Structures are given as structure tokens and as C-alpha cells.
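Remarks on the overall topology
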Amino acid sequence: MACVYIPVQNTSEEVRVALEQLPKDATDILDILKAEQAPLNLWLTFAREYFKQSKFTEFLQILEEGSSPEIDEYYSDVKYDRIAILNALGAYYTNLGKLESKQREKDEHFIRATQYYNKASRIDQDEPSTWVGKGQLLVAKGELEQAYEVFKIVLDGQPDNVPALLGQACVQFNRGRFQEALNLYKRTLQVHPGCPASVRLGLGLCRFRLGQFQKARQAFLRVLQLDPHNVEALVALGVMDINTTEVDAVHQGMEKMRAAFEIYPYCPMALNHLANHYFFTGQHYMVEQLTEAALAATDHVLMKAQAYYNFARSYHTKGDYEMAARYYRASTSELKTPRDFILPYYGLGQVHLKLGDWKTALANFEKVLDAHPDNCETLKAMGHIFVQQGRTEKALDNFKRATKLNQRDVDAWLEMGELLVLSDFGEALEAFKMALSLLKKNGEVIPLGLLNNIGVLHFERGELELARQAYKEALGKGIWLDFSEGTRSAVSGVPNEENQLFSSLEEEGVLIEVPAEKVTLLFNLARLHEQLHETGKATVLYQLILFKHPKYVDALLRLAAMAHARNNISTSLDLVSKALAINDKYLEGLSVRGNLELKADDWLKAKDTLKSILQITDGKDNYATLALGNWNYYAAVRGEKKDPKLEATHLEKARELYQKVLVQKPNNMYAANGLGVVLAEKGLFDVAKDIFTQVQEAAAGNKAVDMPDVWINLAHVYLAQGQFALAIKMYQNCLRRFYYNTDPQILLYLARTHYEAEQWQECKQVLLDAIHLAPSNYTLRFDAAIAMQKFSTATLKKTKRSAEEVRLAVAELKNALRLFNQLAGVRGQHVHGFDEKKLDLHVDYCKHLLDAAKVHLEAAEREEQQVRQKQEVSRQLAMAEDARRKAEEERKIQMERRQRDEEHRIVLEQEERLQQTMATWNRKRFEVEDNDGDNNGANEKKERRKEKRKRKKEKKSRPQYSDEEDAQVEEEVEDVRPETPEDDAQDALAAAFGDSDEEAVPEPRLKKARRRQALSDSDEEGQMSPHRSPPSDVEPVAEVRRRHSPSRSRLRKRQLSESESE
Amino acid sequence: MKINSLKNLANAHADGVWAVAWAPATQSRGALLITGSVDETVKLWKGDELEPERTNTGHALGVVAVAAHPAGTLAASTSLDSYVRVFDVDTNATVATLETPPSEAWLMQFHPKGELLAVAGGGSASVKLWNTNTWQLEQTFMVPKSEVTTDNKSSEKSNAGKFVLAVAWNLDGNRLACSTMDGTVAIFDVARAKLLHTLEGHSMPVRSLVFSPIDSRILYTASDDMHIHMYDVESRSMISAFSGHASWVLSVDVSPDGAALVTGSSDRTVRLWDLKMRAAVQTMTDHTDQVWSVAFRPPGGDGVRVGRLASVSDDKSISLYEYT
């Protein structure tokens, strides 16, 4: 037990005071000290003792008594002790000032401290301890430069003054000169090896700041060895542990923080770290408590900012975003610059993102990015906001950077994939695959959605096998696998065979389950099988879905579409109705129904259905608008009523509707196509061609879209403009590319083009192919017969032809005749609706032509005979000639030589003349050019006039052709109208458009429910082309004209009307 | 079970080849391959090298079908001009010219015993049976006018829909099946000369059909709806449906052992189907245009252990395969 002995005055006795048992009242001690006139250092000892026992009032009481003027006087020669008392007081107030958070009190404390130090200085202005005290006061006040000067004064005098060294080290440390500070601490230790542990703390902190963590750690550990209760060292070690981010170390670090907290509950850094810890363990109450304590304990900006940040974070996790935002903001307002502590800005960004305030969020994230340009999370968060704002490009940039910086960021890859789906399937796929492989590598659960997306993208890119693998992986094991792999086969492709299969399977004890999260995948797998033409498997899978999820209308619709593809319209309609019974506002279902009704020729119903879609969607459904546009177009060209006004109205309405779609979706190819058709219908071929070409290019760039219509339309335009070769190529490509050469209608267009180009044999060949494909279409036979008849006529018309050609012509004529006869034969069955009279006419004509051809054939054969004879004669002549020639040869050679000389002379003469005339030439050339210009102008005018006429005619003639066949043919035969090739082309175009556009059925849904319009009215239209070529091309065959009066009279009429129209 | 390409004879004809049949081997020679083309010729080929044996002319317009008598001596060909020409396989002597104006003739098949030739009668909505001795028309089986699927709109064109495209005799020769443009498949009782019933399932043209060579009840049909159906003709039930072709299925034939189907399609492929697994096991891509017809070589002849299969296409070529 430590004791202090107060010597009793004038005796050798002493009063013993046990330090542990200091009287509660310091007055007792003071009385003794005063009474015994004890030396001043004893006073200080007692004061220090009270201080140690945290009895500050007693401490102050003693010191203030000790520094009173009375004492000064009495002990006036005991300078040092008096100064020590004053300095102790100064130090005390300095410390008070340092701890005080209120500015006014703080200042007051500092003033008192200053007063004590000044008083001490007055006693002895060279006392170093006073200077040290002053220096410490300046440090506390933050006046580092002055403190530095003050300490320097001391050190200049006493280079080994420990307190000054420490003070200077402190100054250097705070000025950020860690190396200098370190040196000073080292010196202190050299000078005073037994100095308190806290010196080593300074050493450790310097090392820490200098990045010498190992040495720092040693220093801190040494501090703790010396002073196990040193909070700073504990905290410092804790921070270092935590910073290693290794689980064990962090744990140890936390232990140290806790120990520090137990020793001294007011260390803000420990508090913050503990709060941080409890935040992660989710003990929000603890977080709040600790944070509040930390806030109360410090006014250090960074500490406060961290404390606020902890508060905010706690609220953030609890979902109280408003409060979180408030505290984040409090945290940021403590900071001078975001660089000091960036986390609250990030937090603010996140919270605002949650609150939907993208702008503010973005601003905060930008600050974060400013400080940490490579922060992936921030890049991602910003990318996310850009997506929400529709700034796809910027978003993509961010994600690309994020994925580049951190190749292992699954979320970034995922989000980038989602974004890329909008623009680039290939890249999107790559992103998704990257995410997938990362997830796999990490052994994480792979979301079904990801595999599904990968599958769908492969599907869209036509990589069906890869798509299948993705779906399969996602679906895992289940009954579907048996069906998909074909190990369990379902009976049939009958689409509406209900559930029996599955019910019976269940009865057999087979487990049938379709988890809700896998329905979409299953649906996609079924779609895939459909695409692979494995309709059986697709059907079973759709039925499997419906068995467990009867309301999954999309599956019903697919079944309907498949039935439709097989031309099973009634089943298809049944299925659609079923879907609509489940949801009568099911737009896709309604669309399909409308389309089916159109196909079943139920015009009014179709229109109602389509209009009902527009009602549901407030007129915003592009598909329905487009379909209505098509509806109007068909109505226009169908011409059930022969009212040209009505036709124009329908056409105009169609145009309006197409344009409406285009306004909403400028890159809707189907609407553009429709518009092109309407324009072509109005004769604006060049504009239409432009549109079609663009649509074609767009469609070619998109693998998911098949748009044969636009190819056909483009070909039609070429045909109409007389560019037959181009038209032919376009039709052929279309046939091959989209229809496996199986579409007789396009073959008919092709034949038509050959016909216009007067390529009769090609025309016939194409028609034969078409007949083979569609043998029940008798118009094709009729057309083929016409082509053969034309061929024969043309051959016989030629002035020069071989007997072989004539023979071929006759054979073709016979074939034509047989076909006409055959057609005339089946007329009774009313299968094709040809006009009998017309057929008879053709039959008669062919017969006559055949007779005529006989003569031709004879003539040709005779001619051939003659030619052969002539050849024989000439051959003999040639032989005779040969002999003569040989004899003459020599003479010739001589002649030639002479001739050459002569020629040379002539050439010279000519050259001379040439030069003479040179000058006049130039003038002449100008004249010629002028003439050319005139001609061109005239031609143009003519062409324009022609075009006008064309259009007029089109109008005149259309009603005629769109009529029922019988009437049409009759009319044609009776009062043969003027027929020019252009006219024909126009009508062919009209006819062609008429049906190809039925397929111009809209887009997005197309994928799901692609509807193929079979060409229900192809018969009528097919006929148009052949009808246009009546048996009136008889001019060359004189006999026919004489014998066959009806055709002759027709001929005359035709000429008449032609001249009229001119 | 598999097929191997042996030979693809390019430009076998001057134009697309539409028809193929095998004339069975006789005592004096092996089986011959008969092909018909839109180039208006019928050609005969022999051996695995497809050496040209002869070219028959005389048809106008494209040759739609060829058929061979089971004895191997007679064959018939028909073209778009609707004449059926019956000729001696070895001499090319015309045996008969058959015509049933005004209707067309489409695909044909000889009765398994050779007594009759069944000719699909096109627009006449009937099948004509010709006596192969007298070459007189023996029977006409009418396809029923549309019954079940009648609605007002389609009835007008129903006759066009009943255009008869193909015929097939069953193993015993007591059933005859025919198919039409609208997908109807009609089954006739030959002995009683009456319609048994029609089979449902197709709504698009059925261009080819064939009975099983081992089970007289089993019929296979190929349709534009891209499917091949397998029916039990007696019970009228569909046993199975095969899907996988990307376009119309134009032709179907069964292997002589009855274990495999081969189909030709507009999608330019030839597919081999395992009937036990009921799945496509092989897809051949020798052709570059639609495959109009496929035919297995009938068994018999000298040294014929392995099967042969031929396919013909619009690409003007003939392909020969080994079937094992």
C-alpha cells in the first residue's frame, strides 16, 4: 500500500496518508498541508492522486489552493513546483477543452489553460515543461504550425526532452508527415526506453499509416503487452485484423473491438466497428445503440460520418428508405469531399433507386464513380437506371465496362444479356452463357429463367439443337422427357384428344407432374419440337401442360395453330373457342379467331372479331389494326360489289389503317408491306417498289421473320413494269426459299410472267409443274393449253422455221387440243366454271390451226427437201469449183500483190481527204446531239401519256374481271375489249396481290400462331391470266381467217376498239 | 436398320423426275428400275450402277406415274395427258393404251396377283380397275362425295377436293385404298365392290399411300400436312402419326420386311422410319429439290440378299440406296 508522508513541522515526525484512503474532503489534506507547511511537491502529489482516482473537484481544489497568490508568496523561491502546479492546471484545462464538444465551453477551457501557462511562463519563461504544455494546447486547438514552432523551441534547447519529442511527433503525425513522426517516436524511445505504452502506440500508428503493417502490428502488440487495457492499441489491432478480410482474422478483430469497448465504452472507432459488426449480424438494436454512443463520443467528421452511415444502413436494410436517405445525407453532409468516405453516397444512390428517384440516384452514383471509376456495382446500378430511363446505349456501355472490369460478375452478365436481347441476339446469348458458366463454376443454383432465355435465343437464331439442350437442362427429369426423347410415344397428332392418355397413365401409377415454374419451359420445348416438325411430340407436350394447367391458353392456341397448319379449320376454331371461353379478352385468341374466320370466308364475323380486339385495347392493338387493314384491302380487290367508289373507299381505309400501325410502330414490316400493296394498287409502282425493297431487306436481316409476301409483291411490281427477267428471278427465289417449290399459286405467277415475256415453252413447263402439284386445279391445264397454243401460233407465224420446229408446233397444238377437249369433257361436272363456248372456241381454233399447220408442215417439209436438194447441187458445184480454183490460185497470188500496191495508194489519198474534212466535223456533231435531246423529250411525253392511259384502263377493266367467271368470259368473248399488255399486267398484279396479301398477316403474334392462308380463291384468280389471251391471234394464218369467220369478226372489232381508245 | 447411299445419278432425265417403280426380276434378268419424268420419257435402268437400259418415248406432257406388274414383264406409265400406256418391259411393245375421258389418270398400282391394274381417276372421283388380260375396264369405285365435313362453302369445290391421287392394294388384294386432294382416304372391299369406309385425319392432299407387306390391315399415308399416318383399315383407327418432314410428304413406301418406312418430301429429304420405334432414324439429303417418289425393290431375283431403295427428284436425279 502506497503512502505519502507529510513531515510534521519542527519535528522529525511524519503524518502518514495512505493513498487508497485519501479523505473524501480534500480540505482535510489541505489543512494538514497548510498547517505543516509541507513542500509544494507534496501538494502536487496529492492532487495527482485525486486525479488518478477521478476525484477532479478535489484535484482542482488542491491545485487551485496551491497556485493561489498566498502560496506564491509563501513559497516564492520554490519556482519549479509552482510552475508544475500551474502547468498541471493548464494541461487539465487543455484536456477539458479537447474533450468538450461545445464550442463556447471549449474556448473557455482553452482560455483558462492559456492563462495558467502564461502565469507559469511569468515565473520562469525558460521552463521547458511550460513550453511543452503550450505546445500541447496549440495541438489541441489545431494550430499545428505554431505548436511545431513551440516544440521546436524546447527541442532546440533540450533535444532529448521527451514530452516535446512526443508533442512534435504528434504534430508531424497530424500534418501527415508520418516518417518524421516515426523518427521522433523512435528518438523518444531511445532517450526514454521505459516510456509509457502510448509512445509505442504512436509508433504503431505511424507504421500503419506508412503501410508497414507488420511492424505496426508488432508495435501495437508491444503496447498491449505493456498496457493490456490500451484501447487505442486494441482498436488499431482490431482494425488491422478486420482489414485482412479473412474470416478468422475479422472475427479476432471484432473480439478486440469488443474488448476495447468493455475497457472504454466511448471510443468512437470501436463503437463504429462494433455497430458495423452488429449490422452484419442483423442486430439492428445494437447498431442503433452503438451508433448513438459513437455520435455522442466524437466530433471527428469521419467518425461521425461513419456513425450516420451505420444508422442509415440499418434503416436501409429494414426497408425504411426515407429514414435511410435522411441519415445517408447526414453522413455525407459531415464530409468535405466524397473521396473521404464514399459509402454513404452509394447508399443514397441505392435508396433513391428504390424510391424511384432516378435522377438523384444517378447523381449520387456519379459521385461514387467519380471517386472510384472502376466500381462495378456502381456501374451496374447506373446501367440499371439507364435502362429504366430508356437510355439503352449508355446502359449497355456501363454493363460492358462492368463485365470487362469483373469478368465474374454474374449479375452484370445477366443484366447485360437482358439488355442485349433488344438489339443483338448473338451478343445477348454470349452474355447469358457467360453468366451460366460462372454460376456453374461457383456451383450455384442456376435459375430456370436463364436457361430458358438461352434456349429461346438459340431458338430464335435457328440453333434448335442447342435450344433443346438448354430446355432439357432446365426442365430436368420428368414425364416430359419420355415424350420429348421419344421413349414414350403418344398415339397421334390429333390435337383435341383430351387428356385420356395422361389419365390412363396416372391410373397406371405413372406420376404426372408439371411444376408451375416449368410450364413456360415446357411450352418452349413444345414450340421447339414444332419447329423441328415433330408435331407429335409438340402436341403431347402441349396436352401435358393443359392436363395440369387447363388455363394455359397459349398451349391451346398452339394446338389450334397446328391444326390450322394441317388445314383442319374446324378443330382449330374449336380450340380457339376453348381458349376464349377461359379468357374472353385473350387478344391472341381473338386474333387467331379473326384470322380463321377470314379463312373460312366469314367476312362479317372476322371483322367483328377484329373490331372487338380494338375495343378491348382501346384501338391500340397493332395486329388487329393491321388485320383490319388487310380486311379492307381484300374487300377492295374482292369486288363482290362492282362499285368502284366502294372499292376506293376500302382501299383508302386500308391505307389509313396501315399507316396508323406505322405511326405506332415505324418498323412494322407487315404494315409497310400493306402500304406498298395499296400504293401499287393505285399504280404508284416506283414508290411501292421502294417500300417492298426496304421491307425485303429488313426481313432478310431477321431470321425469325419469314416474309415471302414481300418477295411476291416485289416480283409483281417487276412484272407490272415489264421487267420480266427480274420478276422471274424473284418468284423463283421466293418459291425455293420459302415454299420448297410447292406453291402452285406462285408457279402461276411465274407462268404468267413467262407468258408476258412471250416465253411460251418456259410458261408451259412451269404450268406442268403446277399441274403436278395441284392436279385438281383445272385452270392450270387451261393455261397450259393456252401456252401451247400460243407457242404453236408463234412458231407458225415465223417466216423462217425448220420443218422440225413446225413438227413440234403441231405436236404442241395437238396437246393443247387434247387438253381443251378434256376440259370441255369435264364441264358437265361444274368443277371449274369455264365458259363452254369459250372452250369450244379454243377447240375449234386449235383444230383449224392444226389443219393450217398441215399445210405449213408440208410446205416446211417441201422447203426442207428443196434445201436439201439445193445443198446437194451446191455441193457438186463446189467440187467443180474447187478444181478451177486450184488452177487459178497462182494467178490470184500475182493479182493480189498488184492490188495491195493499189490499196496503199488509196489509203494515202483518203488520209489526206480526212484531214481536210476534220474542221467541218465538229460542227456537225453538235447538231446531232441537239436532235437526240428532242427525241428524248418526245419519248418521255409519250410514255407519260401511256401511263395515264394505263391507269384509266385499269379502272375500266377491273370490275369486269373480278366478276364471276362465266360472266367474265362471256363478256370478253362477245365484245372483246381493248387489251394491251400493260392492261394485262395490271390485272395480273391485281389478282396476284389479291391473294398474296392475305398472308401479309401481322407480326408479333405470328411467331406464336403463324397462320398460313391457303389460297382459297386462287382458282378465280388463276384464271385471269389465261382468259386474257383469247384465240384471236390469228393474223398470220390466212386460211384460218378465211374459214373461221367468228374469230375474224372479233378481230375486226378489236382493231376498231383499239383505234377508238387511241 | 439403315440405308446407305450407293449412287446418285445426276441428270438421269432432262427434267424433273416424278415417278419411280421397280419391275421385279424375271428368270432372264434382274429387277429393273423404271423412272418417269416431266421430260416426257420413261427410262429403264439396271444394276447397282443404274446403267440405262432403254428410253421410252410416246408420252405427251410430264410422266406422272409408273407401275410394274408383279410378274416383272409388264409395266404401265401415265402422263399429264391422261393416257395410260401399258408396255412390255423387255421389248417396249405397247400392250395397251388406256383412256377414260374426260377424266385424268394419276397414280397406279397393279393387284398383288397381277389380275387388275388400279388407276387413280383424278377428277372423276373414282378408281378405275382394268383387267390385265383383256385390258377392259372392269370396275369403277366411286369416292363418296363429302359427307361429314360438308359445309356450304366447300361443297361447291368438293369435287375438286375429291380428285383421286393415289391407290394402294393390300397384301391379300381384297382391300383397295385411295386418297384424294382433300385428304380423304377411302377403303374399298374389292370382292364385294363396295366402299367400306373412309379414314379420318388428313385435311390436305394425300399424295401417296401404301399397305404393309406383312399385315394386310395396316395402311400408311403421306400427306401435304407433313405427316405420315399409320392406320388399321379394318377398325378405322389411326395407330400412329409420324412427323418430322419440313414440307409436304410426297411419297411413302414400306420395306419388304415390313419393318421400315421410307418417305420422300418436298423438303428435299428422304427419311427412314423405324416402325418399331415409331421414329425417324435417318435423313438422307442426296437430292437438291423435292423428292417426288421413293420405292423399295421387291424381293426375289438372283443373289438378292440386301434390299435396294430408289428415290427420284425434281433435281433430275435418281438416287439408289442399300437397305439393311
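Going by an unreviewed UniProt entry, chain B carries the name Anaphase-promoting complex subunit 4-like WD40 domain-containing protein and comes from Sphagnum troendelagicum.

As recorded in an unreviewed UniProt entry, chain A goes by RNA polymerase-associated protein CTR9-like protein and comes from Sphagnum jensenii.

1. A short note on the confidence of the model for chain B
The share of residues in chain B with pLDDT of 70 or more is 94%, and the mean pLDDT across the chain is 89. Contacts from residues 148-158 of chain B, a stretch scored under 50 in pLDDT, to residues over four places away or in other chains number six contacts.

2. Here's the deal with the sheet that holds strand E17 (residues 194-199) of chain B
Residue and element names in this part refer to chain B. Spatially, E14-E15-E16-E17 is the arrangement adopted by the four strands of the open sheet, whose pairing is antiparallel. In the strand order of this sheet, the two ends are held by strand E14 (164-169) and E17, each with one partner. On average, each strand axis in the sheet is tilted by 25 degrees relative to the strand beside it, whichever way the strands run. Taken together, the five bridges between E14 and strand E15 (residues 175-180) define a ladder with antiparallel strand orientation. Across the sheet, the residue bridging to Ala 168 is Ala 177, located in E15.

3. A few points about the UniProt feature "repeat: TPR" (unreviewed entry) in chain A
Residue and element names in this part refer to chain A. Using the residue numbers shown here, the UniProt feature "repeat: TPR" (unreviewed entry) corresponds to residues 128-161, 162-195, 197-230, 342-375, 376-409 and 708-741. Secondary structure within residues 376-409 divides into 82% helix and 0% strand; the distance between the first and last C-alpha atoms comes to 8 Å. Strand forms 0% of residues 708-741 and helix 85%; the C-alpha atoms that close the span are 12 Å apart.

4. Here we look at the pattern of salt bridges
A full pass over the atoms with the stated rule returns 35 salt bridges over all chains. In this structure, the salt-bridge partner of Lys 682 of chain A is Glu 652 of chain A, at a minimum N-O distance of 3.1 Å. On the criterion of sequence distance, the pair formed by Lys 682 of chain A in the loop between helix H37 (669-681) and helix H38 (685-700) and Glu 652 of chain A in helix H36 (residues 644-664) is long-range, its members being 30 residues apart. For Lys 682 of chain A, a relative accessible area of 32% translates into the label partly exposed. Among the ionic pairs, Glu 40 of chain B bridges to Lys 764 of chain A, the shortest N-O distance being 3.9 Å. Here Glu 40 of chain B is found in the loop between strand E3 (32-37) and strand E4 (42-46), whereas its partner Lys 764 of chain A is found in helix H42 (residues 760-773) on a different chain. Assessed through its relative accessible area of 24%, Glu 40 of chain B is described here as partly exposed. The network of salt bridges with common partners includes Arg 175, Asp 189, Arg 192 and Glu 234 of chain B.

5. So, the pairing of strand E11 (residues 116-120) of chain B
Residue and element names in this part refer to chain B. The element E11 is extensively covered by neighbouring structure, given that five of its five residues are classed as buried. Burial of E11 is two-sided: the residues Leu 116, Ala 118 and Ala 120 facing one way and the residues Leu 117 and Val 119 facing the other way are all buried. The antiparallel hairpin formed by strand E10 (residues 108-110) and E11 contains five residues in its connecting segment, where Gly 114 sits at a positive phi of about 90 degrees. Two elements, E11 and strand E12 (residues 126-131), share five bridges in a ladder whose sense is antiparallel.

6. A word on the environment of Val 150 of chain A
Residues and elements named next belong to chain A. Summarising the element assignment, Val 150 is placed in helix H8 (residues 144-157). Residue class for Val 150 comes out buried when judged on its relative accessible area of 9%. Sequence-wise, Val 150 and Gly 167 are 17 residues apart; in three dimensions their C-alpha atoms are separated by 9.6 Å.

7. A word on the nonpolar core
Leu 117 and Leu 176 of chain B are the most contacted members of the largest nonpolar core, which has 270 residues in total. Looking at which element gives the most residues to this core, the answer is helix H35 (residues 622-638) of chain A, with 11 residues.

8. A short note on the interface of chain A and chain B
Facing the 42 residues of chain A at the interface are 51 residues of chain B. Looking only at chain A, the three residues that lose the most surface to chain B are Arg 566, Tyr 740 and His 772 of chain A, adding up to 20% of its buried area. Counting across the interface, chain A meets chain B through five salt bridges. Residue Arg 818 of chain A pairs with Glu 99 of chain B through a salt bridge whose shortest N-O separation is 2.7 Å. Here chain A is connected to chain B by 19 residue pairs in polar contact (both at pLDDT 80 or more).

Rules of the game
Residues numbered from 1 in each chain as written. Chains lettered and ligands numbered in written order. Predicted model: local features only at pLDDT ≥ 70, side-chain atom pairs only at ≥ 80, totals over all residues. Heavy atoms only, no water. pLDDT = per-residue confidence, 0-100. Contact = heavy atoms within 4.5 Å. Pairing = 2+ DSSP bridges. Helix = DSSP H or I, 4+ residues; strand = E, 2+ residues; numbered from the N terminus. Axes fitted to C-alpha atoms, helices over the stretch in contact; angles between N-to-C directions. UniProt positions renumbered as here; feature names shortened; annotations may be inferred. Salt bridge = Lys/Arg side-chain N within 4 Å of Asp/Glu carboxyl O. Buried < 20%, exposed > 50% of the residue type's maximum accessible area, 1.4 Å probe, protein only. Core = buried A, V, L, I, M, F, W, Y, C linked by side-chain atoms within 4.5 Å. Buried area = accessible area lost by both parts, 1.4 Å probe. Polar contact = N/O pair within 3.5 Å; in protein donor to acceptor, adjacent residues only side chain to side chain.

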